[in-house]
Amino acid sequence: MAAPVQIYKLGIAPQFGRLSEQEKLYSHYMSRAAWSGTRIILRQVSPESIPIFDFIVELYRSCGGNWQQCLEIAEVAEEELQAFLEYAATFLSNIGNYYGSGDQKFTPRTSPGALKKLASKSSKLSKIYAEIQDSITSIPPFTLGYPGTLAQSSYYPGEPLGKEEIALVSKHLDAHSIFPENTRVRKTVDGTFEVLQASVASVEPAVPLDAPQSTARVSLVRGDHAEELKKVCENLSNAAKFAANDCQRKYLAQYIESFQTGSLDAYRESQRTWVADKAPKIENIFGFVEPYRDPAGIRAEFEGLVAIADAEETKLLSRLVDNSDKFIRRLPWASAENNGKGVFEKSLFEPPDFSSIHALAYCSSIIFSGINLPNYNDIRQDVGFKNVIIANRMVAESTAMLWPFIDDAEMETFQKHKYPAYYWWVVLHELLGHGTGKMMVEESANKFNFDPANPPISPLDKTPIRTWYKLGQTWTGQFGDLATTVDECRAELVGAYLMDDVELLALFGFTNESDIRASDLTYNLYQQLGVDGLRALSNFNVDGMKWGQAHSRAHFAMLRCLLRDGNGCLEIKHIPEAKRLRVRVDRSKITDGKNALGQMLLHLHMYRCTADVKACRQYYEDLSDVNEECMQWRQTVLFNQLPPMLNVQANTFVDGEIVSLKEYEPTVEGIIQSWYERGV
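Bear in mind that the values here come from a model prediction, so they are computed numbers and not experimental data. In this numbering scheme, every chain counts its residues from 1 along its sequence in written order. Only residues with pLDDT of at least 70 are given local features in this predicted model, and only at 80 or more are side-chain atom pairs given and counted; all residues enter the totals for whole chains, interfaces and linings. Side-chain numbers here rest on the full set of heavy atoms in the structure, without hydrogens or water.

As for the overall build of the protein
Worth spelling out the cut-off: To qualify as a helix, a DSSP run of H or I must reach at least 4 residues; to qualify as a strand, a run of E must reach at least 2; elements of each kind are numbered from the N terminus. The globule rule used here is 2.2 Å times the number of residues to the 0.38 power, and the radius of gyration it is set against is calculated over C-alpha atoms. Burial classes follow relative accessibility: with a 1.4 Å probe on protein chains only, a residue under 20% of its type's maximum area counts as buried, one over 50% as exposed, and anything between as partly exposed.
Counting its secondary structure elements, the protein contains 27 helices and 21 strands. For 680 residues, the compact-globule estimate of 2.2 N^0.38 gives 26 Å, and the protein sits close to it at 25 Å. Judged by the C-alpha coordinates and their principal axes, the protein covers about 75 × 65 × 55 Å. For the protein, with 680 residues in total, the buried portion stands at 60%.

Dropping the structure here:
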């Protein structure tokens, strides 16, 4: 594990201080609900994550947070203890022993002998350590992925099972209209499959899930994560007493129904209600949301986010929302039909709720800078969606160490422009990246959202489309492991494609007369495309020859696109013996770069709209292939790898009806203390 670490503080005190007493109580119980899901995430990451978590918390308790005691009583060397504290803080920030970004396993630099000495501080520690002494340090597994000798996945506990068996279980779930997001699959020694569904309620015996033309034995077992979900529901119920309106009380009740019963139909209804809660002072995201870490791309990790909106910051975002239609007409698939937006775009872009928020509690294995939800495309097309920018997470980008892939002469200018370019790239990614596109769908028997007798013409080959989503098919269900990375790549491409639009940049306050000139912002964005594409290689696992993170694969594919089709817009200079990589952008050829990205965007958009999985896989796997030259780049990237970024978050405490906020120092000790005092 790299050391030392970078730590950023998700500061929230000013925003929290402006809340009313009712809002503070609401935010407190919502935050407690979010943190109550911690052990769900740990259980989803690896078998050893919960006992490692317990070991860290018990070690803190045993010394009362006075780490000097460990040096004196356990007779552990100072450097050994510091290495363990860095490991513990990294583990807690990622909520598990695999990096949230990259899914690679990390292990402590502390020696086994020193770990054993730390465990000797109490009988409880010794007992926990006996459970983890091998798994905490063992490599392989190297990464999360399909269970095997090199990777593991706690979405599939029990006997190892392969892609075909996972697909077979999906067939049985489809036959009973059961969504997979809140499930895990356990294969037993006798070859049966138990679908573990997250719910407070459990049902005995298991419910058989038969399917036509299949002899597999599949059953539904409710009650996965029951203890944690019970605490989540209790806190949501308490929060409902202090909700601001009936809409909030309604979706909280729907959350509770879903978590108690396991019904994702109830959860889907909660998302419809949540979208209707416009511009809340306190925003939230709950549930089994993102399928990034499931190798099959269909099962989702639990997360809980509670955040406070900033009205002034949100006003600036509203300018873009109000002008969205104008810029949608400038995307590569736009044509004269549909009021200039083309047939592969929604007729009405329903202006979404777009807020700048500051995270109070963000219980997730990865802290995103921006979010666009819900993920259900039918809900997005029917009732809309929400965008949020996590402002106090974005600030961390302005203080983060920089990868050394820009020429020294340009580094100061690069740093000056990096944050605003990144910020608006993320904004465009969320609003117009995830917010655009129309799926060609058979909505019910013989009812389509297009004319199947006269299918629309594809702008790729100028012929009528030949594929679409058949009845009951979904984006994630059809595209599987490709779905998340292609979706993120498409959204990143939309943002990058529009980042040279003079009118759009002027809307953000950037012209060629402003302090940060519009043309320089665009130039910086293309530099970032190069840097991000290179650093993505650190998340490519050579042992399993697989990508460990959806966004990383997307960034690398975009870099390959610019190198292959950008007419020299971007070049990579590599001096292997000096362990040096440099990104060079030719300002005069940025238009060529835009054209290349536009073609890539058009391809991914059309594959997505028309459910053309075969063509998409061939196209995207070619662009994201790591060839021999890129393997050499990867070695240099790893040599220059930056320390991991960790986060420290506040806690809230209630005494009667008085809520207090406690923030912590951005140190490894501060991170550990914050988690201990969270009491989860």
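So, helix α13 (residues 311-322)
The following threshold applies: By this rule the span expected of a helix is its residue count minus one, scaled by 1.5 Å. By construction, the arc corresponds to the directions joining the helix axis to the C-beta atoms. Whether two residues are in contact is decided by their heavy atoms, any of which lying within 4.5 Å being enough. For the purposes of these results, a polar contact is taken to be a pair of N or O atoms within 3.5 Å, where, inside protein, one atom must be able to donate a hydrogen and its partner to accept one; residues adjacent in sequence count only when each atom of the pair is a side-chain atom.
Along its 12 residues, α13 runs 16 Å from first to last C-alpha, staying within 8% of the 16 Å computed at 1.5 Å per residue. For α13, the full list of buried residues reads T314, L317, L320 and V321. Viewed along the axis of α13, the buried residues span an arc of 100°, placing them on a single side of the element. Structural note: α13 exposes E312, K315 and D322 on the side pointing more than 90 degrees away from its buried face. Where α13 is buried, its residues touch α14 (324-328), β10 (353-363), β12 (386-390), α18 (408-433) and α21 (502-507). If you check the start of α13, you find a side-chain oxygen 3.2 Å away from the backbone N of E312, and it comes from D310.

Some thoughts on helix α26 (residues 628-639)
Note: α-helices contain 3.6 residues per turn, so residues at a spacing of three or four share the same orientation. End to end, α26 covers 17 Å across 12 residues, agreeing with the expected 16 Å (1.5 Å per residue, within 8%). Residues of α26 that are buried: C630, M631, W633, R634, T636 and V637. Summarising the contacts, the buried residues of α26 are in contact with α22 (518-535), β15 (540-541), α23 (550-565), β17 (570-575) and β18 (580-585). For α26, the side-chain oxygen to backbone nitrogen distance between the N-cap and E629 is 3.2 Å, and the N-cap itself is N627.

Let's talk about the packing of helix α4 (residues 49-62) against helix α8 (residues 123-132)
Going by this rule: Orientation is described by axes fitted as lines to C-alpha atoms, over the contacting stretch for helices, and by angles from 0 to 180 degrees between their N-to-C directions. Note on terminology: angles under 35 degrees are roughly parallel, angles over 145 are roughly antiparallel, angles of 65 to 115 are roughly perpendicular, and the others are oblique. By convention, the crossing between two helices is left-handed when the near helix turns anticlockwise from the far helix through less than a right angle, and right-handed when the turn is clockwise. When residue character is reported, Ala, Val, Leu, Ile, Met, Phe, Trp, Tyr, Cys and Pro are called nonpolar, Asp, Glu, Lys and Arg charged, and the others, Gly included, polar.
Relative to each other, α4 and α8 sit at 155°, their axes nearing to 9 Å. With respect to α8, the axis of α4 lies roughly antiparallel. Between α4 and α8 the crossing geometry is left-handed. Where α4 abuts α8, its residues P51, I52, D54, F55, E58, L59 and S62 lie against K124, L125, I128, Y129, E131 and I132. Considering only residue class, the contact of α4 with α8 consists of eight nonpolar, one polar and four charged.

As for the pattern of salt bridges
In plain terms, the rule: The working definition used for a salt bridge is a side-chain nitrogen of Lys or Arg within 4 Å of a carboxyl oxygen of Asp or Glu.
Applying the stated criterion across every chain yields a total of 41 salt bridges. The residue R564 makes a salt bridge to D622 at a minimum N-O spacing of 3.1 Å. Of this pair, R564 sits in helix α23 while D622 sits in helix α25 (residues 613-623); the two residues are 58 residues apart in sequence, bridging distant segments of the chain. Taking relative accessible area as the criterion, R564 reaches 43% and is therefore assigned partly exposed. A relative accessible area of 40% means that D622 is categorised as partly exposed. One network of salt bridges, in which partners are shared, links K326, R330, D501 and E503.

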